[in-house]
Amino acid sequence: MSSSSSQPLTGRRFWIAGIGGAGMSAYALVAHAWGAEVAGWDRVETPYLAHLDGIDVTITPEPPPPPTGFEVYVSTAFANRVAGRPRADLLAELVSLRRAIVVAGTHGKTTTSAMIAFCLDRLGDDPSFLIGGEVPQLDGNARAGTGWLVVEGDESDGTVAQLRPEIGVLLNVDLDVHSPNVATRSSLEAMFDEWLTHVPQVVRAEELAPVDLELRVPGEHNRRNAAAALAAVELTGVARADAERALIDFAGVGRRLEEKGEAGGIRVYDSYAHHPAELAADLAAIDGRVLALFQPHLYSRTRYLAHGFARALADAHAVCVTDIYPAREEPIPGVTGRLVVEELAALRPGMRIGWAPEPEQAARFVAGWARPGDAVLTLGAGDVDRVAPLLLELLA
């Protein structure tokens with residue numbers, strides 16, 4: 001069957017393992033909109049699945065056999081459980097089908113990608129986008145539009161190295177030791193440098209000054225993200241002044257220093273931050289006393305970065321740490337969230353520090369410490385965001 005420019009994947013059939021994730025659900029939505037028949041599997045329901053109208057999704061503890069005749073693509077999380085092609089192959093094909101902007105770097109990819117897509121949307125471009133978080137002002141994490149394709153490119157599994165966009169944005173380079181593909185900072189830098197040799201137009205954010213604009217998203221790190229976003233939008237042919245007027249209305253991404261509400265004069269924020277640099281940036285962005293509730297993510301990351309987490313959390317007024325959210329990993333003997341507690345206690349003797357294996361326990365500790373004027377910040381890439389309603393109830 002032939003395919004048109006608006007539906008270039010007509011006649012293709014994709015089955016996606018891990019379809020409920022932020023990335024794979026986005027790929028599924030766009031592939032389906034571009035003409036492919038799409039189905040998939042995941043272990044659990046996720047909020048991202050709500051956007052996949054017309055796509056058959058199976059939810060079972062174990063993956064079923066893929067349907068006959070479908071091309072199989074597998075999320076990195078299930079690479080050892082399901083045979084198929086890596087997600088990078090599917091994303092590379094999607095990028096090849098449109099004029100694309102890919103945002104890469106260790107920190108800030110989701111927010112910067114969302115800023116670019118938001119600006120293009122408000123300026124009438126009707127962009128497609130594949131973003132690793134919910135963007136309320138764009139009604140989700142993915143869309144199949146008629147304009148530029150904006151993509152968040154992940155370095156942790158080497159995906160970004162396969163992408164060939166027209167515009168590439170490199171935000172920063174910082175080693176996250178859980179990745180098996182980039183063992184050293186120099187190897188990560190080399191991967192990004194080699195990737196950018198294939199990209200016609202490049203934005204290097206570390207060469208840009210932070211913007212001097214009244215943004216709706218707080219923090220120095222977001223002023224740097226905004227500088228990169230504006231530079232990328234300019235490369236599409238948009239006037240700087242027009243891009244700035246659009247960007248100042250950008251209100252943020254779900255789980256990226258997202259304000260969840262206020263109760264008893266205490267503000268509650270939630271963040272996906274899961275690296276020491278991200279924790280430090282978020283803590284610095286909030287005025288006044290900040291009480292942090294931190295759920296470490298991955299045993300491997302916690303083992304190697306426990307001291308870094310403690311150094312970042314030392315800037316909070318008080319901290320409660322939960323046990324580790326394992327995601328795709330098996331436990332490592334002796335590695336728990338207590339490693340962060342012990343490092344923090346050594347760095348700041350006398351600081352109020354709590355240890356509560358379950359996030360709900362931690363929420364009760366932190367709510368008991370809070371007083372009017374404080375801010376409570378939940379941090380972590382796991383499921384710590386689920387306690388925000390409980391915190392608001394306890395603080396009321």
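Analysis parameters
Residues numbered from 1 in each chain as written. Predicted model: local features only at pLDDT ≥ 70, side-chain atom pairs only at ≥ 80, totals over all residues. Heavy atoms only, no water. Helix = DSSP H or I, 4+ residues; strand = E, 2+ residues; numbered from the N terminus. Rg over C-alpha atoms; globule rule 2.2 N^0.38 Å. Buried < 20%, exposed > 50% of the residue type's maximum accessible area, 1.4 Å probe, protein only. Contact = heavy atoms within 4.5 Å. Areas by Shrake-Rupley, 256 points an atom, 1.4 Å probe, with all protein chains shown as cover. Pairing = 2+ DSSP bridges. Axes fitted to C-alpha atoms, helices over the stretch in contact; angles between N-to-C directions. 1 Å grid on protein atoms, 1.4 Å probe; cavity = no way out; pocket = protein on both sides within 12 Å on 5 of 7 lines; lining within 4 Å. Points joined across faces, edges and corners; volume = space filled by probe spheres on them. Nonpolar A, V, L, I, M, F, W, Y, C, P; charged D, E, K, R; others polar. Left-handed = near helix turned anticlockwise from the far one by under 90°. Core = buried A, V, L, I, M, F, W, Y, C linked by side-chain atoms within 4.5 Å.

Visitor: Help me understand the overall build of the protein chain in this model?
Guide: Secondary structure assignment for the protein chain yields 11 helices and 17 strands. Against the 2.2 N^0.38 benchmark of 21 Å for 396 residues, the protein chain shows a C-alpha radius of gyration of 21 Å, consistent with a compact globule. In the protein chain, buried positions account for 55% of the 396 residues. Of the contacts formed within the protein chain by residues at least 6 apart in sequence, a portion of 69% connects residues at least 24 apart. Carbon together with sulfur atoms contributes 49% to the accessible area of the protein chain, which is approximately 16200 Å² in total.

Visitor: What should I look at first to understand the side chain of Asn225 in this one?
Guide: Mapped onto the elements of the fold, Asn225 is located in helix α5 (residues 220-235). On the accessibility criterion, Asn225 (7% relative accessible area) is buried. When sequence neighbours within four positions are dropped, the list of residues in contact with Asn225 reads Gly108, Thr111, Thr112 and Met115.

Visitor: Would you mind showing me how to read the sheet that holds strand β11 (residues 201-204) here?
Guide: The strands that make up a sheet pair up through hydrogen bonds in the backbone, lying either parallel or antiparallel. Across the sheet, six strands lie side by side as β8-β7-β9-β6-β10-β11; this open sheet has mixed pairing. Both edges of this open sheet fall to β8 (140-143) and β11, since each of them pairs with a single strand only. Pairwise comparison of adjacent strand axes, ignoring direction, gives a mean angle of 20° for this sheet. With three bridges joining them, strand β7 (residues 128-135) and strand β9 (residues 149-152) adopt parallel strand pairing. Looking across to β9, one finds that Leu130 is bridged to Val151. Along the sheet, helix α1 (residues 22-33) contacts β7 and β8; its crossing angle with β8, the most-contacted strand, is approximately 35°.

Visitor: Would you mind going over the layout of surface pockets with me for this structure?
Guide: Regions of empty space are outlined by a rolling probe, equal in size to a water molecule, passed over the atoms. Reported here for the second largest pocket is a volume of approximately 240 Å³. Around the second largest pocket, the lining comprises 14 residues; the ones closest to its centre are Ala251, Gly252, Leu257, Glu258 and Glu259. Residues of the lining of the second largest pocket, tallied by class, amount to seven nonpolar, three polar and four charged.

Visitor: Where do I start with the packing of helix α10 (residues 359-369) against helix α11 (residues 388-395) in this structure?
Guide: When two helices pack together, you describe them by how their axes are tilted relative to each other and by the distance separating the axes. Where α10 contacts α11, the axes come no closer than 9 Å and their chain directions differ by 35°. The crossing of α10 and α11 is right-handed. Contacts between α10 and α11 involve Glu360, Ala363, Arg364 and Ala367 from the first element and Leu390, Leu391, Leu394 and Leu395 from the second. Residue composition of the contact of α10 with α11, grouped by class: six nonpolar, no polar and two charged.

Visitor: I tried to follow unusual backbone geometry on my own but got confused; where do I start?
Guide: Despite not being glycine, Arg255 shows a phi value in the positive range, around 70°. With respect to the helices and strands, the residue Arg255 is situated in the loop between α6 (240-247) and β12 (258-263). Its identity is not glycine, yet Leu257 carries a phi of approximately 50°, on the positive side. Within the element layout of this structure, Leu257 appears in the loop between α6 and β12. On the accessibility criterion, Leu257 (8% relative accessible area) is buried.

Visitor: I'm lost on the sheet that holds strand β15 (residues 318-321) in this one. Help?
Guide: With mixed pairing, six strands are arranged side by side in an open sheet as β12-β13-β17-β14-β15-β16. The sheet is open, and its two edges are formed by β12 and β16 (352-355), each paired on a single side. Strand-to-strand twist of the sheet, defined as the mean angle between neighbouring strand axes without regard to direction, takes the value 15°. Inspection of the sheet shows strand β14 (residues 290-294) paired to β15 by four bridges, in the parallel sense. If you follow Leu291 over to β15, its bridge partner there is Ala318. Packed onto the sheet, helix α9 (residues 338-347) meets β14, β15 and β16 and runs at close to 165° relative to β16.

Visitor: I would appreciate a short explanation of the pairing of β8 in the present structure.
Guide: Consecutive residues of a regular strand have side chains that alternate between opposite faces of the sheet. The sheet contact formed by β7 and β8 spans three bridges and is antiparallel. Counterpart to Val135 in the pairing with β8 is Gly140. Adjacent in sequence and paired antiparallel, β7 and β8 are bridged by four residues, among which Asp139 carries a positive phi angle near 65°.

Visitor: Hey, could you run me through helix α2 (residues 87-96) in this one?
Guide: At 3.6 residues per turn, the α-helix brings residues three or four places apart onto the same side. Among the 10 residues of α2, seven are classified as buried, and the element is accordingly described as predominantly covered. Regarding α2, the residues found buried are Arg87, Ala88, Leu90, Leu91, Ala92, Leu94 and Val95.

Visitor: I keep staring at the environment of Thr184 and nothing clicks. Help me out?
Guide: Mapped onto the elements of the fold, Thr184 is located in the loop between β10 (167-170) and α4 (185-196). Take Thr184: its relative accessible area is 37%, and that puts it in the partly exposed class. As for Thr184 and Trp15, which are separated by 169 residues in sequence, their C-alpha atoms are 34 Å apart.

Visitor: Quick question: what am I supposed to make of the nonpolar core here?
Guide: General note: in soluble globular proteins, nonpolar side chains tend to be found buried as a group. Formed by 40 residues in total, the largest nonpolar core has its most connected members in Val38, Leu130, Phe192 and Trp195. Among the elements of the structure, β1 (13-17), α1, α2, β6 (100-104), β9 and α4 are those that each provide at least two residues to this core. Looking at this core, the element that brings in the most residues is α1, giving seven residues. Those residues within four positions of Val38 in sequence are excluded, and the remaining contacts are Phe14, Ile16, Ile19, Ala28, Ala31, His32, Ile55 and Asp56. Residues Ala226, Ala227, Phe250 and Val253 belong to the second largest nonpolar core, which totals 37 residues.

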